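A closer look at the structure
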Amino acid sequence: MKLIAQGAESKLFLDGNKVIKDRFRKTYRIKEIDEKLRKTRTKREAKVLDKLQKINFPVPELIKNNEKDTLEIKYIKGELIKNKLNKNNCVKLSKEIGNKVAVLHNNDIIHGDLTTSNMIFNKETYLIDFGLSFFSKKIEDKAVDLHLLKEALESKHSEIWEKSYKAALDGYVNKAVDGKDILKRIKIVEKRGKYKHKK
């Protein structure tokens, strides 16, 4: 197995045509709390992937879940949106991303880490890494999810982020059940963020 990525919570290993996602132990946590957290997050991520597969949403296929700290998922070949997004394709790609996020939210799934590093293009855009995902019907949670996308675009794609984000919101509002209410809530979330930065 080959280590292909490591984040704060897990390591990803490539094993043939599948990826092993291993949530490693955090030694600074009390052992029982750490085990419970890893188990809960692994089960929740598996549940989210399973639900999305049932509606034919483009995510990595879940192969196995050990119900504890490890997931096996199908490896998706393709190019990270982080590397693909540019001034020529940003409107089209970002609209598609907005559409996909709307489908998530219509199914009451919050991604929790909507960055272009967590999206892969292979004929269409696949969303990956649902490690921070959770289920919620709240307008607030959906607005925060989109606000995180805005911050990610601003950070990684500074030259085109405004154009990209506008296109993403256009794609989103066309498909999201509570799209207009969520867009209104984003403005409140943004004001709150600005206030925090000023303090």
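A brief report on the enclosed structure follows. (Residues numbered from 1 in each chain as written. Predicted model: local features only at pLDDT ≥ 70, side-chain atom pairs only at ≥ 80, totals over all residues. Heavy atoms only, no water.)

Taken as a whole and assessed by the stated rule, the structure comprises 20 salt bridges. The partner of Glu35 in a salt bridge is Lys31, with the nearest N and O atoms 2.9 Å apart. Taken together, the residues span about one helical turn, with Glu35 and Lys31 both in helix 1 (residues 31–54) at a distance of four residues. Looking at Lys31, the relative accessible area reads 43%, which means it is partly exposed. Within the structure, one salt-bridge network assembled from shared partners comprises Glu9, Arg25, Lys26, Arg29, Asp34, Arg38, Arg41 and Asp69. (Salt bridge = Lys/Arg side-chain N within 4 Å of Asp/Glu carboxyl O. Helix = DSSP H or I, 4+ residues; strand = E, 2+ residues; numbered from the N terminus. Buried < 20%, exposed > 50% of the residue type's maximum accessible area, 1.4 Å probe, protein only.)

Turning our eyes to something else, we now look at the packing of aromatic side chains. Counted according to the given criterion, the structure contains zero aromatic pairs. Sitting over the ring of Phe24, Lys11 keeps its end group 5.8 Å from the ring centre. Seen from the ring of Phe121, Lys84 lies directly overhead, with NZ or CZ sitting 4.7 Å from the centre. (Phe/Tyr/Trp six-rings, centres within 6.5 Å; stacked < 30°, edge-to-face > 60°. Lys NZ or Arg CZ within 6 Å of the ring centre and 35° of its normal.)

Here the focus is the pairing of strand 2 (residues 10–15). Here strand 1 (residues 2–6) runs beside strand 2; their pairing, made up of four bridges, is antiparallel. Counterpart to Ala5 in the pairing with strand 2 is Leu12. Between strand 1 and strand 2, which pair antiparallel and follow one another directly, the connecting turn spans three residues. Across six bridges, strand 2 lies against strand 3 (residues 18–23) in antiparallel orientation. Opposite Phe13, over in strand 3, you have Ile20 as the bridge partner. (Pairing = 2+ DSSP bridges.)

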